[in-house]
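Structural features, examined
Take a look at the letters that make up each chain.
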Amino acid sequence: MYRIILASGSPRRKEIMNQMGIGFETVPSYVNEDIKESDPSKLVEALASVKAKEVAGRFADERENLIIIGADTVVYHKGQVLGKPKDRDDAIRMLNGLSGDIHDVYTGVAIIIRRNKSDNADINGEESIVFNVRTRVSVKLLSKEEIEDYVDSGEPYDKAGAYAIQGEFGIYIKEIQGDYYNVVGFPIARIYEELLKKGINIKKIKKGIA
Ligand SMILES: Cc1cn([C@H]2C[C@H](O)[C@@H](COP(=O)(O)OP(=O)(O)OP(=O)(O)O)O2)c(=O)[nH]c1=O
């Protein structure tokens, strides 16, 4: 019997969980995403971990078994980590860089599994799983007009790398290698697999509590 807490305010992550028919609750984390780390895989794992831990702390007195999931996504191109654009110019700069080239999207995931004593005295305690998934994305060569029109759609602002593959930017994607959902910010197939290895089938968790 587990209750899943998605430690995220991202509408995309919520949508992916819903789409897969998994029952969960969302509790957005309010952590400062300012970690100095140039390796994108380490960065997203560190950020996902602080998000999951911060939310887990708010459930310290909870008596039910919990699965708390945090995630973080960045775009990595030519040695540069791209987060969310600060403003219009920043979005244009990011998209100019990604135009006509291949980049990587990294999503880090941190899952805290908290088993309650009352459920099974032998396995109570806390366990965590942390990993990252990379998807390679190829973007077509974009004209100045295509970039400016796209930025003016407003879509880039809350997205790592200033684009949404699931949105209007989809028309400019030539190819991807890897998990599509990882680009959208939530590598659900790997999350499912990792929890299965721990004996938990999240597909069976339907309405918050299974
Ligand atoms: C590359 C790409 C990113 N994104 C989004 C996914 C993430 O929501 C966002 C990266 O920001 P994140 O900091 O990973 O997440 P967030 O701030 O939106 O939510 P939270 O920290 O509460 O979980 O970029 C897309 O939606 N589509 C894309 O194609």
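In this text, all values refer to a predicted model and were calculated from it rather than measured experimentally.

1. Digging into the pairing of strand E5 (residues 102–115)
Taking burial as the measure, the 14 residues of E5 include 13 buried ones, the bulk of the element. Pairing between strand E3 (residues 66–77) and E5: 11 bridges, direction antiparallel. Note that in E5 the partner of Val75 across the bridge is Val105. Relative to strand E6 (residues 125–139), E5 runs antiparallel, the two being bridged by 14 bridges. Counted as the bridge partner of His103 is Val137 from E6.

2. Re helix H4 (residues 144–152)
Listing the buried residues of H4 in full gives Ile147, Tyr150 and Val151. Taken down its axis, H4 places every buried residue within 100° of arc, on the same side. Set apart from the buried face of H4 by more than 90 degrees, the exposed residues are Glu145 and Asp152. In this fold, the buried residues of H4 make contact with helix H3 (88–98).

3. Some remarks on the site of the ligand
Within the structure, the ligand sits among 19 residues, and Ser8, Gly9, Arg13, Lys51 and Lys84 are positioned closest to it. Between the ligand and the protein, one listed contact pairs an oxygen atom with a side-chain N or O atom of Lys84 at 2.4 Å. At 2.8 Å from an oxygen atom of the ligand is found a side-chain nitrogen or oxygen belonging to Gln166. More than half of the atoms of the ligand fall within 2 Å of the grid points belonging to the largest pocket. When contributions to the shell around the ligand are tallied by element, the ones reaching two or more residues are helix H1 (11–19) and E3. Across the shell around the ligand, the residue classes break down as 6 nonpolar, 5 polar and 8 charged.

4. Quick word on the UniProt feature "site: Important for substrate specificity" (unreviewed entry) in the protein
UniProt annotation of "site: Important for substrate specificity" (unreviewed entry) refers to Arg12, Thr73 and Gln166 when read in the numbering used here. Of the residues annotated just before, the largest pocket has Arg12, Thr73 and Gln166 among its lining. Secondary-structure assignment places Arg12 in helix H1. In this structure Arg12 comes out as buried when scored by relative accessible area, which is 16%.

5. Some words on the nonpolar core
Among the nonpolar cores identified, the biggest contains 47 residues, and Ile67, Ile111, Tyr163 and Ile202 are the most heavily contacted of them. If you list the elements that add at least two residues to this core, you get strand E1 (3–6), H1, E3, H3, E5, E6, H4 and helix H6 (188–197). Ignoring anything within four residues of it in the chain, the contact list for Ile202 reads Ile4, Ile22, Ile67, Ile188, Ile191, Tyr192 and Leu195. By size, the runner-up hydrophobic cluster in this structure holds 12 residues, among which are Ala48, Phe59, Ile68 and Ile112.

Analysis parameters
Residues numbered from 1 in each chain as written. Predicted model: local features only at pLDDT ≥ 70, side-chain atom pairs only at ≥ 80, totals over all residues. Heavy atoms only, no water. Buried < 20%, exposed > 50% of the residue type's maximum accessible area, 1.4 Å probe, protein only. Helix = DSSP H or I, 4+ residues; strand = E, 2+ residues; numbered from the N terminus. Pairing = 2+ DSSP bridges. Arc of directions from axis to C-beta. Contact = heavy atoms within 4.5 Å. Near = heavy atom within 4 Å. Polar contact = N/O pair within 3.5 Å; in protein donor to acceptor, adjacent residues only side chain to side chain. 1 Å grid on protein atoms, 1.4 Å probe; cavity = no way out; pocket = protein on both sides within 12 Å on 5 of 7 lines; lining within 4 Å. Sits in = over half its atoms within 2 Å of the grid points. Nonpolar A, V, L, I, M, F, W, Y, C, P; charged D, E, K, R; others polar. UniProt positions renumbered as here; feature names shortened; annotations may be inferred. Core = buried A, V, L, I, M, F, W, Y, C linked by side-chain atoms within 4.5 Å.

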